[in-house]
Amino acid sequence: MRIALFGKPFKKKHNDAVQHLVDRIHGLDSEAFVYNDFMDFLKGSMKVPSTLKTFNCAEDIKGYDVLFSVGGDGTFLESCTLASENGIPIMGINTGTLGFLSNVGTDSIDEAIDSIVSGKTWIDERSLLKVEAEGVDLGTFPYALNEVAIHKRDTASMVVVEVHREERFVNTYWADGLIVSTATGSTAYNLSVGGPIISPSSQVVVISPIAPHNLTNRPLIVPIEGEITLSPDGRDASFLLSLDSRSFRIAPRSKVTVNPASFKAQFLNLAHQNFFNIIRSKMHWGIDPRER
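Residues numbered from 1 in each chain as written. Predicted model: local features only at pLDDT ≥ 70, side-chain atom pairs only at ≥ 80, totals over all residues. Heavy atoms only, no water.

## So, the overall build of the chain
- Across its full length, the chain holds 6 helices and 18 strands.
- Its C-alpha radius of gyration of 20 Å places the chain within 12% of the 19 Å reference for a compact globule of 292 residues.
- Dimensions of the chain, computed from the C-alpha atoms along their principal axes, are close to 55 × 50 × 35 Å.
- For the chain, the share of sequence-separated contacts (at least 6 apart) that also reach a separation of at least 24 residues comes to 67%.
- When the accessible surface of the chain is split by element, carbon and sulfur atoms take 48% of a total near 13,800 Å².
- Charge separation in the chain, taken as the distance between the mean sites of 28 positive and 34 negative side-chain charges, equals 4 Å. (Helix = DSSP H or I, 4+ residues; strand = E, 2+ residues; numbered from the N terminus. Rg over C-alpha atoms; globule rule 2.2 N^0.38 Å. Contact = heavy atoms within 4.5 Å. Areas by Shrake-Rupley, 256 points an atom, 1.4 Å probe, with all protein chains shown as cover. Lys, Arg positive; Asp, Glu negative; His and termini not counted. Charge placed at Lys NZ, Arg CZ, Asp CG, Glu CD.)

Now the structure itself:
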């Protein structure tokens, strides 16, 4: 089994758990790859087996069997830039807070690794969005797992975003910004602006305005297949285009196109894990607040 490990710095309280994870990974793959920056952090926090190697880019781990992501949901999103195009399943070990994506607790590391070895995990495929922006280089991974968003930058003025789908005019949104969210991202930024929660297997996207000027402009669900075009305008000299946690400046009236990616991210889950269990746990559904 070929294993890669990606992560971000974590609190000291997780040292013992991550040390155990590193030792278990080393037991399965003595030459497992660890992301270079994360390796530097680990060496300053714990004992790292000398046979582990480092990697820096997606090409280095092409053909690997699993990528462990150690951190929160933001770290998990970054791990997608390394694993998704290569079709590598990702298992998220949560050392962050909420953990919608990075959903394996540090107390379940043995269960997770034993399940992988015995073949008792299952893969949940999630759609991504491919983004192109006029006049902007979006780097080697122009994709978003959660959402694509356009924001105003330096002023209190609203941004005006004109939206088309399949060359048909949808609406002009006067707002603080606009989000195009995947089903996976429906529990992220989309949820905070009043968008709906969508089962991640649904092949749809949500167009959600951020603090719209017209209160009748509500989130709109459309099929994921079909090109969506966004064009921002307003008083600012430039605007922000974000793909998950990565941001880029775009000029007024420039065109941003959003299409479904030709590949999907692969989430590796334990047998008992499913979307509804996770949202009940993370959002405390079914709990009487009078008993808290």
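Following the structure, the description resumes.
## Quick notes on the nonpolar core
- Core analysis: the biggest nonpolar cluster contains 52 residues, and Leu5, Leu21, Leu42, Phe68 and Met91 have the highest contact counts within it.
- Ranked by residue count, the leading element in this core is strand β18 (residues 256-270), at 6 residues.
- Sequence-distant contacts of Leu5, that is, excluding residues within four places in its chain, are made with Leu21, Val22, Ile25, Phe33, Val34, Tyr35, Phe38, Leu42, Phe55, Leu67, Phe68 and Val70.
- Listed in part, the 26 residues of the second largest apolar core include Val148, Leu178, Phe248 and Val256. (Core = buried A, V, L, I, M, F, W, Y, C linked by side-chain atoms within 4.5 Å. Buried < 20%, exposed > 50% of the residue type's maximum accessible area, 1.4 Å probe, protein only.)

## Regarding the packing of aromatic side chains
- If you walk through the whole model with that rule in mind, you get 12 aromatic pairs.
- Considering the side-chain rings of Tyr35 and Phe55, the 5.4 Å spacing of their centres and the 70° angle between planes classify their relative orientation as edge-to-face. With a gap of 20 residues between them, Tyr35 in strand β2 (residues 33-35) and Phe55 in strand β3 (residues 53-55) connect regions that are remote in the sequence.
- Relative accessible area serves as the criterion here: at 0%, Phe55 is assigned to the buried category.
- Here Tyr143 and Phe263 contribute two aromatic rings whose centre-to-centre distance is 4.8 Å and whose plane-to-plane angle is 70°, an arrangement assigned as edge-to-face. In this pair, Tyr143 sits in strand β8 (residues 143-144) while Phe263 sits in strand β18, placing the two residues 120 residues apart along the sequence. Pair check on accessibility: Tyr143 and Phe263 agree, each one buried. (Phe/Tyr/Trp six-rings, centres within 6.5 Å; stacked < 30°, edge-to-face > 60°.)

## Description of the state of the cysteines
- What the rule picks out here adds up to 0 disulfides.
- Cysteine Cys57 remains unbridged, with the sulfur of Cys80 as its closest cysteine sulfur at 17 Å.
- For Cys57, a relative accessible area of 33% puts it in the partly exposed group.
- By relative accessible area, Cys80 is classed as buried at 1%. (Disulfide = S-S within 2.5 Å.)

## Considerations on helix α1 (residues 15-28)
- In a regular helix each residue adds 1.5 Å, so 14 residues correspond to 20 Å; α1 covers 20 Å between its end C-alpha atoms and thus fits that length.
- Those residues of α1 not exposed but buried are Asn15, Ala17, Val18, Gln19, Leu21, Val22 and Ile25.
- The secondary structure elements touched by the buried residues of α1 are β1 (3-7), α2 (36-43), β4 (66-71), β5 (90-94) and α4 (109-118). (Expected span 1.5 Å × (residues − 1).)

## Here's the deal with unusual backbone geometry
- Even without glycine at this site, Glu166 takes up a positive phi of about 50°.
- With respect to the helices and strands, Glu166 occurs in the loop between β10 (159-165) and β11 (168-175).
- Residue Glu166 is classed as partly exposed on the basis of its relative accessible area of 45%.

## Section: the sheet that holds strand β16 (residues 239-243)
- Pairing within the open sheet is antiparallel, and its 6 strands lie in the order β14-β13-β12-β9-β16-β17. Each having just a single partner strand, β14 (220-223) and β17 (246-250) make up the two edges of the open sheet. On average, each strand axis in the sheet is tilted by 20° relative to the strand beside it, whichever way the strands run.
- Bridge analysis of β16 against β17 gives 5 bridges, and the strand direction is antiparallel. Bridge pairing links Leu241 to Phe248 in β17. (Pairing = 2+ DSSP bridges. Axes fitted to C-alpha atoms, helices over the stretch in contact; angles between N-to-C directions.)

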